[in-house]
Amino acid sequence: MRKFLLPVAVLLVASALLFTLNADFRQAIRTAMGRLGGTAPATQQDSGLGSPPALAAGQAPALPQPGPLAEPRSLEQIGLPRTLTDSIIPKGSLTPAAVALGEKLFFERRLSGNGTVSCASCHNPVRAFTDGRPTSIGIHGCVGQRNSPTLLNAMYNKSQFWDGRAPTLEAQAALPITDPCESGLASVTAAVSRIAKDPAYRSGFKSVYGHDPNGTDLLRALATYERTLMSFGSPFDRFIAGDKTAISASAQRGWKLFNDKARCNLCHALTATKADPTLFTDNIFHNIGIGIIRHNVVALAQKARREIASGQLQQVDTAAINSELSVVGRFLLTKSSADIAAFKTPDIRNVMVTAPYFHDGSQMTLWDVMDHYNKGDGLKNPWLDTDIQPLALGEREIDDLVALMASLTSPQYRKLGDQEFARQRAIAKVRRPQRDTKRAFGPKPKQPPIPH
Ligand code: HEC
Ligand code: HEC
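Rules of the game
Residues numbered from 1 in each chain as written. Chains lettered and ligands numbered in written order. Predicted model: local features only at pLDDT ≥ 70, side-chain atom pairs only at ≥ 80, totals over all residues. Core = buried A, V, L, I, M, F, W, Y, C linked by C-beta atoms within 7 Å. Buried ≥ 20, exposed ≤ 12 C-beta atoms within 10 Å, placed from the backbone. Domains from an automatic or database assignment. Contact = placed C-beta atoms within 7 Å. Near = placed C-beta within 6 Å. Helix = DSSP H or I, 4+ residues; strand = E, 2+ residues; numbered from the N terminus. Nonpolar A, V, L, I, M, F, W, Y, C, P; charged D, E, K, R; others polar. Axes fitted to C-alpha atoms, helices over the stretch in contact; angles between N-to-C directions. Parallel < 35°, antiparallel > 145°, perpendicular 65-115°, else oblique. Left-handed = near helix turned anticlockwise from the far one by under 90°. Expected span 1.5 Å × (residues − 1). Arc of directions from axis to C-beta.

S.K.: So what's going on with the nonpolar core? Residues and values would help.
M.R.: Side chains that are nonpolar tend, in soluble globular proteins, to be buried together. Core analysis: the largest hydrophobic core is formed by 76 residues, its most contacted members being Leu222, Met370, Leu401, Val402 and Met405. Split by domain, the residues of this core number at least three in each of domain 1 (22-226) and domain 2 (235-290 + 343-440). What leucine 222 contacts, discounting residues up to four positions off in sequence, is Gly102, Leu105, Phe106 and Ala173. Of all hydrophobic cores here, the second largest spans 29 residues; its members include Ile290, Ile308, Phe331 and Trp383.

The structure is reproduced here in structure tokens:
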């Protein structure tokens, strides 16, 4: 028995090490977090599965607490693009003290107008750093217009937000702090003076950056923490690395479909001609017919042209999060008609545990997402990306593509992924609101011309 237990114990320890930068580093972060002081206990915590707890009017979601799922990920994950990762993480930035400071700030409720919201409120580690809601809910229960994207692997994005309005994680972090529907502080300076009152933060900033808290370093610390959330090591990564039994036959068929008949690689890969198993995004913007069907986009684009001054990032942010103009997507920034209702192709790693889907959270399950693509929805929309067309996928092929997406779940979320797969499959058995087999197998309709 003993003979058997020892190797098992060694294996467990070894695999535990694999999931964090390493145990010593993790301990050093916990110690540094301790020096920065604890965070307040939460009210009703979210389990991570299914819909999050309902909220009373005017109420912000419960404040999530740091835990094992918030911890920095290992660089030793199968499938992690090491050279790219090294080029993204500024040299020497990932010290335990800097990461601990960033993590502490990420869970900090004082970074909101009335102390009820933190970054984690909408990017909860138990939900792969999303909030499980169609669109996010912020300060005073304000319901926004956009779905909270995962922060896992956000460090690899060429631009941040669904419309790419922020070039870096640092620039991104300033916007939720001051958005009136998210954290609702008057300015980043106001955030700095909040935390600068706390001696633990003053000494934390001093030890990492050599001086008292300032705005630049506040945003830098948050971004530093986000750059520890690289997430690979999925069954799919093991399959690509050569373990042919790591994913089911169905998921293997799904991977083939992804790169040919289903046309997913045209956008969810760096190259449209090669099967690229790394980041599942081309980092550009497409109109794929979400939302545009339900809104008068032409009128809204004209309104955006009138009301949003060029280069006014704060104004774009408020419009995107908290106004009907949100649906015009990247057009808010560029005012180029090619960008009407165009949104960034998201990485789809861990997508099994980040429902609901799309920039407006309009689809409940991955089967709904597949039904959307299968019928080529939005074909009467003149700006629709020409790569969207009816796919003529049968039910087994749809299941195969969902199985492929489910195989992209990193080890930390394996159990949740299995539960979520079962939950979504049960819903999809009785409810497929987007399914339109006739259209999926029909011809590609003529697209109307772009109006002048
Ligand atoms: C009230 C909810 C809420 C809060 C609070 C919040 N976020 Fe977000 N976050 C969102 C939503 C919604 C989006 C997408 C908005 C959009 O694209 O227009 C987003 C987008 C992002 C992105 C872009 C990811 C990508 O793939 O493009 C990052 C990074 C991010 N948030 C980090 C943070 C950080 C850091 C904080 C704290 C300073 C924070 N968020 C606070 C809801 C929130
Ligand atoms: C023409 C480019 C394009 C093609 C082809 C495409 N996608 Fe997408 N995908 C996008 C864009 C852009 C979004 C975000 C759209 C939005 O939210 O408005 C997206 C969103 C998604 C999402 C939602 C992710 C989330 O976090 O909410 C999933 C899942 C997805 N795509 C899977 C697929 C699959 C599977 C295929 C093949 C059947 C596919 N996509 C084909 C561009 C594309």
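S.K.: Tell me about the site of ligand 1, and please be specific about residues and values.
M.R.: Taken together, 27 residues form the shell around ligand 1, and within it Cys119, Cys122, Gly138, Phe161 and Pro176 come nearest. Going through the elements one at a time, α5 (119-122), α6 (169-178) and α13 (313-322) are the ones with two or more residues in the shell around ligand 1. Ranked by residue count, the leading element in the shell around ligand 1 is α6, at 5 residues. Of the residues in the shell around ligand 1, the class split is 15 nonpolar, 10 polar and 2 charged.

S.K.: Would you mind going over the environment of glutamine 315 in detail, with residue names and values included?
M.R.: Within the fold, glutamine 315 resides in helix α13. Assessed through the 14 C-beta atoms surrounding it within 10 Å, glutamine 315 is described here as partly exposed. Sequence spacing of glutamine 315 and alanine 173 is 142 residues, and the spatial spacing of their C-alpha atoms is 16 Å. In contact with glutamine 315, not counting residues within four places along its chain, are Ile308 and Ala309.

S.K.: Before we move on, could you go through the domain arrangement of the protein and cite the residues and values that matter?
M.R.: Looking at the protein, the domain boundaries give domain 1 (22-226), domain 2 (235-290 + 343-440) and domain 3 (297-339). Counting residues at the interface gives 27 residues for domain 1 and 28 residues for domain 2. Class assignment for the residues of the side of domain 1 that touches domain 2 results in 10 nonpolar, 12 polar and 5 charged.

S.K.: How would you explain the site of ligand 2 if you had to name every residue and give the values?
M.R.: Around ligand 2 there are 24 residues in total, and Cys264, Cys267, Ile290, Phe358 and His359 lie nearest to it. Residues belonging to the shell around ligand 2 are distributed by class as follows: 16 nonpolar, 5 polar and 3 charged.

S.K.: Tell me about the packing of helix α11 (residues 249-259) against helix α16 (residues 395-406), residues and numbers included.
M.R.: Packed helices, taken two at a time, are described by the angle between their axes plus the distance between the axes. Between α11 and α16, whose axes approach to 7 Å, the crossing angle comes to 95 degrees. As the angle between them shows, α11 and α16 are arranged roughly perpendicular. Touching Ser250, Ala251, Arg253, Gly254, Trp255, Leu257 and Phe258 of α11 are Glu397, Asp399, Asp400, Leu401, Ala403 and Leu404, all from α16. Residues belonging to the contact of α11 with α16 are distributed by class as follows: 7 nonpolar, 2 polar and 4 charged.

S.K.: I'd like a description of the packing of helix α15 (residues 366-375) against α16, backed by residues and values.
M.R.: At a minimum axis distance of 10 Å, the contact between α15 and α16 shows a crossing angle of 125 degrees. Judged by the inter-axis angle, α15 sits oblique to α16. Of the two elements, α15 crosses α16, and the hand of that crossing is right-handed. Mapping the contact onto sequence places Leu366, Trp367, Met370 and Asn374 in α15 and Ile398, Leu401, Val402 and Met405 in α16. In the contact of α15 with α16, the residues fall into 7 nonpolar, 1 polar and no charged.

S.K.: Got a sec to walk through the environment of glutamine 45? Specific residues and values, please.
M.R.: Structurally, the position occupied by glutamine 45 is in the loop between α2 (23-35) and α3 (82-88). A C-alpha to C-alpha distance of 40 Å links glutamine 45 and glycine 394, two positions 349 residues apart in sequence.

S.K.: How would you sum up unusual backbone geometry? Please name residues and give values.
M.R.: Cis rather than trans, the peptide bond between alanine 355 and proline 356 has omega equal to -10 degrees. Topologically, proline 356 is positioned in the loop between β2 (343-344) and α15. Of note in this structure, alanine 128 is not a glycine but carries a positive phi near 55 degrees. Summarising the element assignment, alanine 128 is placed in the loop between α5 and α6. Residue classification places alanine 128 among the buried positions, given that 27 C-beta atoms sit within 10 Å. Located in the positive-phi region is asparagine 153, a residue other than glycine, with phi close to 65 degrees. With respect to the helices and strands, the residue asparagine 153 is situated in the loop between α5 and α6.

S.K.: Any chance you could break down helix α17 (residues 414-430) for me, citing the residues and the numbers?
M.R.: With 17 residues, α17 extends 25 Å from end C-alpha to end C-alpha; this agrees with the ideal 24 Å at 1.5 Å per step. Three or more residues of α17 are buried, namely Leu416, Gly417, Glu420, Gln424 and Ala428. Projected down its long axis, α17 shows its buried positions confined to an angular sector of 95 degrees, all on one face. Exposed side chains of α17 directed beyond 90 degrees from the buried face belong to Ala422, Ala426, Lys429 and Val430. Buried-residue contacts for α17 involve α15 and α16.

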